[in-house]
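These are the residues of each chain, in order.
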Amino acid sequence: MIEQSRYNGVYEDKKRRRLYTISFVPGSTVYNEPLITIQGTEYREWNITKSKIAAGIAKGIRGINFTEGDAVLYLGVASGTTASHISDIIGKRGILFGIDISPVSLRNLVFVAEQRRNIAPLLADAAHPDTYKHRICQCDVIVQDIAQHNQLELFFNNLHFLKPGGIGMISIKSRSIDITQPPHKIYHLIQSSLEKHLNLIDWKTLDPFEKDHALFIVQKK
Amino acid sequence: MTLRILSCGIGCFVFDKDTIVDRILYKLPKDYEQRQHYEKQLQTKYPQAHSSSEIFPKRSEYFEQFREMNNTLTQQTIKASVKKDHLMIAMVHIIEECDRVTNIFGKRLRDMLQIYMPGLEHVHNDLKELSRLIVAEQYVKLKELYPSMMNADISLHDWNVVLNFAEQINSLYKLRETTLANLEQRMMEHTPNLCHVAGAFLGAKLIELAGSVEKLAEMRSTTIQLLGAEKAMFRHLTTKARCPKHGIIINHPLILKNKASLHGKVARHLASALCKAVRIDYFKGDPYVGYQLKEELEKAFT
C-alpha cells in the first residue's frame with residue numbers, strides 16, 4: 001500500500017519500509033530501480049541504501065522539503081541516482097543544477113538529462129564557484145554529497161547561491177574529514193560550525209543505511 | 001529607478017529592482033565569451049545603469065535557457081576532458097584482466113588434460129607453454145611425445161574441445177603481449193622518464209593509482225612510495241600497526257632483488273626518483289633524465 005509520507009512528493013510503503021516518488025518520465029528507469037503503477041500513477045522506488053537523502057527520510061529527519069518548481073543546486077551529483085528522485089518531486093517547473101567534477105559519472109547524467117528536462121548537468125569543481133556562477137541561478141535548496149576532507153568549506157563557498165530562508169542538506173562522511181577521530185566527535189564539530197552562520201534544523205546519523213555518515217539540514221538566515 | 005545590468009551565461013539583462021526591463025539573450029554558450037560587447041550595448045542604451053555581479057535570480061521562464069546552455073557546454077567540456085592517460089590506464093586494466101582470465105581458464109584446461117592426457121599436463125608447469133604445444137602439435141604426436149599409460153583414447157572430434165580452449169588461451173597471451181608492447185611504446189612517447197625509471201607496466205600502474213599523469217606529478221614522493229598501500233596506511237593510522245614501507249613499487253626489480261632490510265631505503269630513494277621523473281615528464285622537460293636517474297639508483301643499490 002503506497003501512501004503519501006509526511007515529506008512533500010515522497011510516498012512510502014510503511015509495511016515494506018520503502019520510499020517512492022512519482023515518475024517524471026513514466027516507463028523509464030535511471031538505475032534499474034523497480035517501477036510500480038497503481039491506478040494509473042507510476043511510482044519509482046527510491047533506494048534507501050543508495051541515496052543519502054532517502055536514508056535521512058527513512059530515519060525521520062526534519063526539514064527535508066522539496067516543492068514543485070524549486071531550483072535545486074546539487075553538489076556532487078555523480079550519475080544522478082538521488083538527483084532523479086529530486087527531479088521527480090520538483091517537476092517540470094523546477095530545475096536541478098547537477099555539479100560534479102568527474103566526467104565519468106557526469107556522462108551518465110547527460111543521458112538522464114536528455115529524458116528529464118529539468119536537470120542541467122555541469123562539469124565543474126565545487127571548490128571554485130566562480131567558474132560556474134554564471135551558469136546557475138539563485139536556488140531554493142542546496143544538496144551536497146561530496147566526500148572530501150574540506151566538505152564543509154565547500155558548502156560555505158557555495159552558500160551565496162542559496163536564497164535567504166533556503167534549505168541546505170549536507171551529507172557528511174566523517175571518515176573523509178578525519179579517519180582517526182570517532183564519528184560523533186566530528187559531527188559535533190560540524191554542528192558547532194554550522195550553528196555559527198545558519199539555523200540548524202536537524203541532523204541524524206544514517207546508520208544502518210550508510211556507515212559513518214550523517215545528514216545535516218540547515219536553513220539560511 | 002535604479003537600473004542594474006546583470007550578465008550571466010544565458011544573456012545580459014537590465015533589472016529594475018525585480019523586473020526585467022531589457023535583455024539580450026545568447027543563442028550559443030560561446031556568446032558568453034563576448035559578453036563585454038553585449039554589456040556595452042546595454043550600458044550605452046541605459047547609461048544610468050550600473051553593472052552588477054550578483055547571481056541571476058530564480059526565474060522559471062529562463063530555466064529552459066539555463067538547461068540548454070549547460071547541457072551543450074557540459075557535453076563540450078566532457079569531450080575535451082578525454083586524454084591520453086585514459087588509454088594507458090585502460091591498457092593496464094586489459095593486461096591485468098588477461099592475467100586473471102588466463103589463470104581461471106588455465107585451471108579449467110588442466111582439469112581437462114588431467115583426464116585426457118595426464119602425461120602432457122604433468123610435465124609442463126607453465127600454462128603458456130602448455131597451450132602453445134596443444135595448438136602447435138597434432139593429437140597423435142602429443143601422445144607420442146608425452147607417453148603415459150593413463151593417456152586416454154578419445155576421438156579427434158572430442159580432442160577439438162580441448163584444442164579450441166587452448167587456442168583461446170593462446171590468443172589471450174598474445175593479447176597481453178601486444179598490449180604490453182603497445183603500452184611501452186606509448187609510455188615512451190608520453191612519459192619517457194617514468195618509463196625508464198619504473199618500467200612500462202609499473203609506470204602505467206602508478207598513473208592508474210594516481211588517476212592521471214597530472215595527479216601523479218602533483219604527489220609528494222612519499223605518497224608515490226605508498227601508492228597501493230592505502231589499507232596498510234589506514235591501519236597504521238588507526239591502530240598501533242607499523243607504517244608500510246612501500247606500495248605497488250615493491251614490484252620494481254630494485255626492491256625485489258634486494259634483501260628485506262634494505263627495502264625501506266630503496267623504496268624511499270626509488271620514490272624520490274619516480275617523483276622527479278614524473279614531474280619532468282608532465283612539464284615536458286628533458287626526456288633523457290630517466291636514464292640518469294636509473295643509473296644512479298642502480299649504482300647505489302645493486
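Residues numbered from 1 in each chain as written. Chains lettered and ligands numbered in written order. Predicted model: local features only at pLDDT ≥ 70, side-chain atom pairs only at ≥ 80, totals over all residues. Heavy atoms only, no water.

Colleague: Could you clarify how one ought to interpret the overall build of chain B in this entry?
Modeller: Within chain B one finds 15 helices and four strands. Its C-alpha radius of gyration of 31 Å places chain B more than 25% over the 19 Å reference for a compact globule of 302 residues. Out of the 302 residues in chain B, the part that is buried amounts to 44%. A separation threshold of at least 6 residues defines the contact pool for chain B, and within that pool the share at least 24 residues apart is 57%. Just so you have it, chain B exposes about 17,500 Å², and 54% of that area is on carbon and sulfur atoms. Positive and negative side-chain charges of chain B, numbering 42 and 35 respectively, have mean locations separated by a distance of 6 Å. (Helix = DSSP H or I, 4+ residues; strand = E, 2+ residues; numbered from the N terminus. Rg over C-alpha atoms; globule rule 2.2 N^0.38 Å. Buried < 20%, exposed > 50% of the residue type's maximum accessible area, 1.4 Å probe, protein only. Contact = heavy atoms within 4.5 Å. Areas by Shrake-Rupley, 256 points an atom, 1.4 Å probe, with all protein chains shown as cover. Lys, Arg positive; Asp, Glu negative; His and termini not counted. Charge placed at Lys NZ, Arg CZ, Asp CG, Glu CD.)

Colleague: Quick question: what am I supposed to make of the confidence of the model for chain B here?
Modeller: When pLDDT drops low, the exact placement of atoms in the prediction is not to be read closely. Per-residue pLDDT for chain B has a mean of 93; in total, 100% of the residues score no lower than 70. The ipTM value of the predicted complex is 0.91, and its pTM value is 0.85. (pLDDT = per-residue confidence, 0-100.)

Colleague: Got a minute to help me understand the environment of B:Gln65 in this structure?
Modeller: Residue and element names in this part refer to chain B. For Gln65, the position within the fold is in helix H2 (residues 63–80). Taking relative accessible area as the criterion, Gln65 reaches 27% and is therefore assigned partly exposed. Among residues more than four places away in sequence, those in contact with Gln65 are Ile10 and Leu25.

Colleague: Whenever I open this one, the pairing of strand E2 (residues 10–13) of chain A confuses me. Can you help?
Modeller: For a regular strand, side-chain orientation follows a simple rule: the groups alternate between the two sheet faces. All names here are of chain A. Neither face of E2 is exposed, since Val10 and Glu12 on one face and Tyr11 and Asp13 on the opposite face are all buried. Of the strand pairs in this sheet, strand E1 (residues 3–4) and E2 are connected by two bridges, and their pairing is antiparallel. Within E2, the position partnered with Gln4 by the bridge is Tyr11. As consecutive antiparallel partners, E1 and E2 are separated by five residues, and within that stretch Gly9 has a phi angle of approximately 85 degrees, a positive value. For E2 and strand E3 (residues 18–22), the ladder comprises four bridges, and the chain directions are antiparallel. From the neighbouring strand, Val10 faces E3, where its bridge partner is Thr21. Count of turn residues in the E2/E3 antiparallel hairpin: four residues, of which Arg17 carries a positive phi of about 55 degrees. (Pairing = 2+ DSSP bridges.)

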